[in-house]
Amino acid sequence: MENIEIIVSIASAALGLLVTTVTFISKFVTNAKAKKAMENIVKIGNAVIPYIREAEAFAHYSGEEKKQFVMTKANRFAIDNDLEFDEQAVSDKIEELVALTKQVNKRGSI
């Protein structure tokens, strides 16, 4: 009887340790992937700024055409630098940067 209690006690401790280890490893892997994705977005976001300036020089193009130009350049940058390209995140970053420049330009013109 004592042997069974010892075995059950050891097994429950091992199971708890196993569950804790698996949970830790899964969270670590998820966080590592998220960190890498965010680092890629930052790298692409920094590279996009000159492309936005270049696109603003296109006087006879619509805002959507300029955005497509910047998206294409950003995608090319991601491919050249072996980065994962998240189209929605890059699009959001471009919108954020354009809104910021409009806000800054509006303040400067007052």
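Please refer to the structure placed before this passage.
This text gives an overview of the structure that appears in the document. Just so we're clear, the structure is a prediction, and the values are computed from it rather than from any experiment.

## Section: the nonpolar core
Part 1: By size, the foremost hydrophobic cluster in this structure holds 14 residues, and its most contacted members are Ile 44, Val 48, Ile 52, Val 70, Ala 74, Val 90 and Ile 94.
Part 2: Secondary-structure elements contributing two or more residues to this core are α1 (2-56), α2 (63-80) and α3 (87-109).
Part 3: It is α1 that contributes the most residues to this core, six residues altogether.

## Thoughts on α2
Part 1: The end-to-end C-alpha distance of α2 is 26 Å, a good match for the 26 Å that 18 residues give at a rise of 1.5 Å each.
Part 2: Listed in full, the buried residues belonging to α2 are Lys 66, Lys 67, Val 70, Met 71, Ala 74 and Ala 78. Buried residues of α2, seen end-on, are gathered within an arc of 140° and therefore sit on one face of the element. Those residues of α2 that are exposed and aimed more than 90 degrees away from the buried face are Thr 72 and Asp 80.
Part 3: Asp 82 lies just past α2 and shows a positive phi near 55°.

## Let's talk about the side chain of Ser 91
Part 1: Among the secondary structure elements, Ser 91 is positioned in helix α3.
Part 2: Among the residues examined, Ser 91 registers a relative accessible area of 12% and is labelled buried.
Part 3: Apart from the residues within four sequence positions on either side, Ser 91 is in contact with Lys 67 and Met 71.

## Observations concerning a negative patch on the surface
Part 1: Where like charges cluster on the molecular surface, the negative patch consists of Glu 84, Asp 86, Glu 87 and Asp 92.
Part 2: Here Asp 92 shows up in helix α3.
Part 3: Its relative accessible area of 42% is what places Asp 92 among the partly exposed residues.

About the cut-offs
- Residues numbered from 1 in each chain as written.
- Predicted model: local features only at pLDDT ≥ 70, side-chain atom pairs only at ≥ 80, totals over all residues.
- Heavy atoms only, no water.
- Core = buried A, V, L, I, M, F, W, Y, C linked by side-chain atoms within 4.5 Å.
- Buried < 20%, exposed > 50% of the residue type's maximum accessible area, 1.4 Å probe, protein only.
- Helix = DSSP H or I, 4+ residues; strand = E, 2+ residues; numbered from the N terminus.
- Expected span 1.5 Å × (residues − 1).
- Arc of directions from axis to C-beta.
- Contact = heavy atoms within 4.5 Å.
- Patch = residues over 30% accessible without salt bridge, like charges linked within 9 Å, V, L, I, M, F, W, Y side chains within 5 Å.
- Areas by Shrake-Rupley, 256 points an atom, 1.4 Å probe, with all protein chains shown as cover.
- Salt bridge = Lys/Arg side-chain N within 4 Å of Asp/Glu carboxyl O.
- Lys, Arg positive; Asp, Glu negative; His and termini not counted.
- Charge placed at Lys NZ, Arg CZ, Asp CG, Glu CD.

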